[in-house]
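Summary of structural features
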Amino acid sequence: LACLLGIHRNTLHYKLRKLGLYHRFSTLSNYELDSVITLWKQHRPSSGLCYAVGFLQRHGLRIQ
């Protein structure tokens, strides 16, 4: 993206952070992630992976 904009990647990161758009991945342990997904699956047993990722993102969690 920085290349397309013609700026250095550090400049892009700085501008994104300044605007509040720069997000890192959430620091969840495997146990915590399993717990969240288990609770979600209890309420939505027939939903798949895309819905699970959307659920996590809606709650401010970014996973890798």
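What this report covers is the structure whose coordinates are included nearby.

Calculation criteria
Residues numbered from 1 in each chain as written. Predicted model: local features only at pLDDT ≥ 70, side-chain atom pairs only at ≥ 80, totals over all residues. Heavy atoms only, no water. Buried < 20%, exposed > 50% of the residue type's maximum accessible area, 1.4 Å probe, protein only. Helix = DSSP H or I, 4+ residues; strand = E, 2+ residues; numbered from the N terminus. Arc of directions from axis to C-beta. Contact = heavy atoms within 4.5 Å. Phe/Tyr/Trp six-rings, centres within 6.5 Å; stacked < 30°, edge-to-face > 60°. Patch = residues over 30% accessible without salt bridge, like charges linked within 9 Å, V, L, I, M, F, W, Y side chains within 5 Å. Areas by Shrake-Rupley, 256 points an atom, 1.4 Å probe, with all protein chains shown as cover. Salt bridge = Lys/Arg side-chain N within 4 Å of Asp/Glu carboxyl O. Axes fitted to C-alpha atoms, helices over the stretch in contact; angles between N-to-C directions. Parallel < 35°, antiparallel > 145°, perpendicular 65-115°, else oblique. Left-handed = near helix turned anticlockwise from the far one by under 90°. Nonpolar A, V, L, I, M, F, W, Y, C, P; charged D, E, K, R; others polar. Core = buried A, V, L, I, M, F, W, Y, C linked by side-chain atoms within 4.5 Å.

1. Description of helix α4 (residues 49–58)
Because the α-helix completes a turn every 3.6 residues, residues three or four places apart line up on one side. When α4 is considered as a whole, its buried residues turn out to be Ala52, Phe55 and Leu56. Along α4, the residues classed as buried sweep out an arc of 95° about the axis, all on the same side. In this structure, α4 carries Cys50, Tyr51, Gln57 and Arg58 as exposed residues pointing more than 90 degrees from its buried face. Elements that come into contact with the buried residues of α4 comprise α3 (30–43). Positive backbone phi, approximately 80°, marks Gly60, located one or two places after α4.

2. Thoughts on the packing of aromatic side chains
Using the criterion set out here, one finds one aromatic pair in the structure. Consider the rings of Trp40 and Phe55, whose centres lie 6.0 Å apart with planes at 35°: the pair is tilted. In this pair, Trp40 is assigned in helix α3 and Phe55 in helix α4, connecting sequence segments 15 residues apart.

3. A short note on a nonpolar patch on the surface
A cluster of nonpolar side chains, Leu1, Leu4, Leu5 and Ile7, forms an exposed patch at the surface whose accessible area comes to about 460 Å². If you trace the backbone, Leu1 turns up in the segment before α1 (2–5). Given the relative accessible area of 66%, Leu1 is considered exposed.

4. Focus on the packing of α3 against α4
Direction vectors running N to C along α3 and α4 enclose 115°, while the axes themselves pass 11 Å from each other. Classified by the angle between their axes, α3 and α4 sit roughly perpendicular to one another. The handedness of the crossing between α3 and α4 is right-handed. Residues Leu33, Val36, Ile37 and Trp40 of α3 lie in contact with α4, whose contacting residues are Tyr51, Ala52, Phe55 and Leu56. Each residue belonging to the contact of α3 with α4 can be placed in one class, and the counts come to eight nonpolar, no polar and no charged.

5. Quick look at the nonpolar core
By size, the foremost hydrophobic cluster in this structure holds five residues: Trp40, Ala52, Phe55, Leu56 and Leu61. By residue number, the principal contributor to this core is α4, which donates three residues. Apart from residues lying up to four places away in sequence, Ala52 is in contact with Ile37 and Trp40.

Nothing here speaks to function; it is all geometry.
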